[in-house]
Amino acid sequence: MIDHRTGTRQEWLAARLELLAAEKELTRRSDEVARQRQDLPWVRVDKEYRFATDDGDASLADLFAGRSQLLVYHFMFGPEYEAGCPSCSAIADGFDGSVVHLANHDVTLCAVSQAPLAKLQDYRKRMGWSFPWASSFGGDFNHDYHVTHTEQEWRTGTVEYNFRAMEVTPIGVTDLHPMMTQISASVGVDWPTYRQQGPGMSAFVLDDGVVYHTYSTYERGVDALWGMYQWLDRAPLGRNEQGFWWRRHDEYDKN
């Protein structure tokens with residue numbers, strides 16, 4: 001039995017109106033943060049990045065697909081992975097249907113991962129997705145945008161992530177949390193190999209033939225893009241999580 005207070009409809013309405021005021025304030029604050037986000041200075045991208053795509057070899061400018069804005073989801077799928085990260089997969093389930101709407105609003109949404117293109121294509125087919133997915137295999141793009149870290153960086157115990165030096169579990173440490181072992185096993189690698197990748201998203205604009213980097217976010221900054229959590233935050237019990245509960249959408253029936 002769930003232990004939660006109950007009340008009358010009148011009591012509920014009074015509490016709901018109080019919450020509504022807080023929600024409205026949060027909405028106004030969110031609008032202001034969005035304006036600050038859009039007001040960030042643009043940084044010219046001079047490095048020549050190359051990607052493998054469904055249409056062949058591509059530059060960063062090519063990923064815009066004729067539009068002026070590009071949103072890149074840094075999907076955790078390393079070269080050694082046998083499948084995409086289950087968390088990134090849940091996020092992709094949410095944004096796959098938004099791609100066509102964004103495309104008709106001058107915005108291209110594209111995922112980028114380090115795994116070779118054939119792996120990405122096979123996994124996308126398995127998941128039933130249609131969003132564009134580019135491979136940065138062999139290039140510096142993921143590392144330059146701080147979502148991929150080398151084994152050497154991991155061995156130091158500190159990597160640059162989310163705009164700070166972040167302490168990480170050094171390679172060789174075996175007393176891992178069971179969730180770490182479980183989630184890394186779900187992609188077919190060990191924890192150190194799994195965590196050389198990290199989630200994030202970056203935004204770019206193409207202006208007069210020049211690409212500019214406008215925004216990036218990591219960690220909980222990606223939370224707002226994870227559609228199922230926005231629903232859970234409005235469910236009676238909230239996120240109510242105990243460990244690694246989510247799965248790829250084609251794996252639930254297998255449990």
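Scroll up to find the structure this text is about.
Residues numbered from 1 in each chain as written. Predicted model: local features only at pLDDT ≥ 70, side-chain atom pairs only at ≥ 80, totals over all residues. Heavy atoms only, no water.

### A short note on unusual backbone geometry
Excluding glycine, most residues fall at negative phi; most peptide bonds, likewise, are trans. Positioned with a positive phi, Asp106 is a non-glycine residue whose angle comes to about 65 degrees. As for its position among the elements, Asp106 is in the loop between α3 (99-103) and β5 (107-113). In this structure Asp106 comes out as partly exposed when scored by relative accessible area, which is 33%. In the Ramachandran plot, Asp208 falls in the positive-phi region, its phi being about 55 degrees despite a non-glycine side chain. Since its relative accessible area comes to 76%, Asp208 is described here as exposed. (Helix = DSSP H or I, 4+ residues; strand = E, 2+ residues; numbered from the N terminus. Buried < 20%, exposed > 50% of the residue type's maximum accessible area, 1.4 Å probe, protein only.)

### Remarks on helix α2 (residues 86-95)
Counting buried positions along α2 gives 8 out of 10 residues, so the element sits mostly inside the fold. Looking only at α2, the buried set comprises Pro86, Ser87, Cys88, Ser89, Ala90, Ile91, Ala92 and Phe95. Where the residues of α2 are buried, they touch β4 (69-74), α3, β5, α4 (117-127), α7 (178-185) and α9 (227-232). (Contact = heavy atoms within 4.5 Å.)

### Overview of the side chain of Arg195
Checked against the element boundaries, Arg195 lands in the loop between α8 (191-194) and β9 (200-207). Buried charge without a partner: Arg195 forms no salt bridge, and the closest opposite charge is Glu219, 5.5 Å away. Separated by 2.7 Å, the side chain of Arg195 and the backbone oxygen of Gln197 make a polar contact. Among all residues touching Arg195, those that are not within four sequence positions of it are Trp154, Tyr161 and Met166. (Lys, Arg positive; Asp, Glu negative; His and termini not counted. Salt bridge = Lys/Arg side-chain N within 4 Å of Asp/Glu carboxyl O. Polar contact = N/O pair within 3.5 Å; in protein donor to acceptor, adjacent residues only side chain to side chain.)

Keep in mind that these numbers describe shape and distance, not what the molecule does.
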